[in-house]
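Coordinate analysis (summary)
As a plain string of letters, each chain reads:
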Amino acid sequence: MVTAARLSVLLAALLATGCYWSHPPTAPHGHHAPKKAEGLPTLTVNPTPPRLRSPRVIVLGRFSTVGVQPVGSLYDYADYEASPLIRTYFFRHANLELFEHVSDALRATGLDVRKDYATTGEPSLLEGPARALRPVIVRTRIAALQHDQVRTDTDPPTDNEVVRLVVDVTVIEADGTERYSARHAIYGRVTWQEDLDVLRLLGLELGERLTKDAGFLRAIEASPRGVS
Amino acid sequence: MKRNIRDAAVTLAAAAALTLLPGCGEEAVRVGTLRGIPALLGPLGYAPTASLSVSAPVDQRPQVEHAGDNIRTNLFFTTIVVTHWERRGNYVTNDEVASPMAGAELHEAMIDALRTANVAREVVPSGEAEFSLETRIDHLYATHHAVNSGTVMVMEGRRDTHAAVGSKSRQYAAYGNVVLTAKLVDHRSGGARVIWEEQLVGTGQQPPGKNYKAAAQTALREAVADALATLSVRVGAALDRIQRGPTGPAYTIQGLPPVFLIERVSRYRSFVERVYVDTASGHVLRHEIGPNADPALARPGEWLLSRRSPEGVVLTPEAYEGYARALAARYDLRTVDDLSRYHFFGVRAAP
């Protein structure tokens, strides 16, 4: 009798409240939850970049972005109470940091790269002296950028910086003629260290990737040094 | 019997209260508005010559930013003794919370920001002008993540009924995001030539709080103000490149200037440091640190020979080149990796 009474009340409550299953996201809006950090490739920087040369000056336009905030999150899969997603992060000028480091990576190969801070590489806004250099213009748009910190549930747990970057790169002539267009995606990790500059690593990785892309090299008329 | 029903009612009341406490409940929040967005930037220059017509933005936000999204119940079950629920996911503002009049209000705020920044001689909402600015709203929303769960367990003793309750929750910051696609069209020769097109981002953040909708509204207003400041700087820079910008016609100088200006950007791009140097002696005449309107002015920490004269007038590229060549006899100026400026490395060492 007692149980029946309770059951009926609880059943009524259940029906009134609604009981359903759904699969809502476990990451911030627009983000991917990085569950398997240990399986991702490690970001590395080649200490001896390839030596390239090009007769063209390369104008690297400031990177534009459609990346939104939060830029990333802290996930702890090893020890958590309410959720592995512990907190979210805000970082305003990630596109500019990447712009600087991609330029560094391209310049490290010996190419003459000039950064155009004022525009994203708009050919109609090229000034006279810059146009006289007959440059090729590289335009880059960041379609997605995510930088998370992840503690794995392995034994022992490891702390990782995990990044995901998707960019659209276009190479054009100063008259607007397109020479190259491609999407590049980088998804990788690096073991956490104090004061590690992950955006630097990511920018260098993207620059390195471009210097290995035959289509990109053709578009900027680059070839290995020592090869005519 | 009476006591058992009372106990069950107590259990339900506890469960209901716990369900509301961790954030499931709706709080009374005002309807959103993007009216009265403060213009973050003052005048960027003092002698603009262009006229600019700014049309209303075209709203192309995805459906989720109109309809919004809510934190959803992930798991809910109840048995004779245990009731458990989990709620997690993302809150995304809808039209009512963001603003039911987003397009019109953004248009108004855009004109206000461009006028306050003194980007053009006149900024008009419609009609004929030398240049027109067309914009599209790609994104305009605020969001935050939320996680909470709770359990109620009811155990019946011989003389009384006991309820054990437990709940866990976590609050996350609210973020505002605005992405606009902007296009500057030149009508000076009678046609319509696009001279600049860019996607501009504005962001804002608010700390976690109980009234998450109000926090989202504040973060979104911050994001709109940020996007409009960026829009003003970019439109100003584009017009400056064709010598019709906020600083007016570019300046030409001859010979060695008596004073020159070097500048560098702070680590997080918030401030710009300017040093006025006496050309003949190399002495610093003035050193000032002020807010930086354009985070993309330069790489932080690197000293550059400014493209402006000490009076604040933008130099033509040819004038800058001549100015730098004249200074290079005494000062170490080098083309490093900047398309339009020289890096400054101090006084040239004696031969």
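Residues numbered from 1 in each chain as written. Chains lettered and ligands numbered in written order. Predicted model: local features only at pLDDT ≥ 70, side-chain atom pairs only at ≥ 80, totals over all residues.

Brief notes about the overall build of chain A
- The number of helices and strands found in chain A is five helices and 10 strands.
- Taking the intrachain contacts of chain A between residues at least 6 apart in sequence as the baseline, contacts between residues at least 24 apart amount to 75%. (Helix = DSSP H or I, 4+ residues; strand = E, 2+ residues; numbered from the N terminus. Contact = placed C-beta atoms within 7 Å.)

Looking at the interface of chain A and chain B
- With 56 residues of chain A at the contact, the number on the chain B side is 55 residues.
- Broken down by secondary-structure element, the contributors of at least two residues to the side of chain A that touches chain B are helix H1 (2-17), strand S3 (64-65), strand S5 (85-89), helix H2 (94-107), strand S6 (113-116) and helix H3 (128-132) of chain A.
- The element best represented in the side of chain A that touches chain B is H1(A), accounting for 10 residues.
- Tallied by class, residues from the side of chain A that touches chain B come to 28 nonpolar, 16 polar and 12 charged. (Nonpolar A, V, L, I, M, F, W, Y, C, P; charged D, E, K, R; others polar.)

A word on the domain arrangement of chain B
- Each assigned domain of chain B is listed here: domain 1 (27-73 + 88-143 + 170-241) and domain 2 (259-347).
- Computed over C-alpha atoms only, the centres of domain 1 of chain B and domain 2 of chain B are separated by 32 Å. (Domains from an automatic or database assignment.)

Some remarks on the environment of Val147(B)
- Within the secondary structure, Val147(B) sits in strand S6 (residues 131-156).
- Judged by the 25 C-beta atoms lying within 10 Å of it, Val147(B) falls in the buried class.
- Taking the C-alpha atoms as reference points, Val147(B) and Gln171(B), separated by 24 residues in sequence, lie 7.1 Å from one another.
- Dropping the residues within four chain positions of it, Val147(B) is found in contact with Ala82(A), Ser83(A), Leu85(A), Arg88(B), Ser169(B) and Arg170(B). (Buried ≥ 20, exposed ≤ 12 C-beta atoms within 10 Å, placed from the backbone.)

Describing the environment of Ala98(B)
- Relative to the helices and strands, Ala98(B) is located in helix H3 (residues 95-98).
- With 16 residues separating them in the primary sequence, Ala98(B) and Val82(B) have C-alpha atoms 39 Å apart.

Overview of unusual backbone geometry
Residue and element names in this part refer to chain A.
- Residue Pro70 follows Gln69 across a cis peptide bond; omega there is 0°.
- Summarising the element assignment, Pro70 is placed in the loop between S3 and strand S4 (72-76).
- At the junction of Asp155 and Pro156, the peptide bond is cis and its omega measures out at 0° in the coordinates.
- As for its placement among the helices and strands, Pro156 is situated in the loop between strand S7 (136-151) and strand S8 (159-173).
- Despite not being glycine, Glu221 has its phi angle at roughly 60°, a positive value.

Observations concerning the packing of helix H4 (residues 102-116) of chain B against helix H5 (residues 212-241) of chain B
All names here are of chain B.
- Following both chains from N to C, one finds H4 and H5 inclined at 50°, their axes separated by 9 Å at the closest point. In terms of orientation, H4 and H5 fall into the oblique class. For the pair H4 and H5, the crossing hand works out as right-handed. Side by side, H4 and H5 meet where Leu106, Ala109, Met110, Ala113 and Leu114 of the first sit next to Val224, Leu228, Ala229, Leu231, Ser232 and Val235 of the second.
- In the contact of H4 with H5, the residues fall into 10 nonpolar, one polar and no charged. (Axes fitted to C-alpha atoms, helices over the stretch in contact; angles between N-to-C directions. Parallel < 35°, antiparallel > 145°, perpendicular 65-115°, else oblique. Left-handed = near helix turned anticlockwise from the far one by under 90°.)

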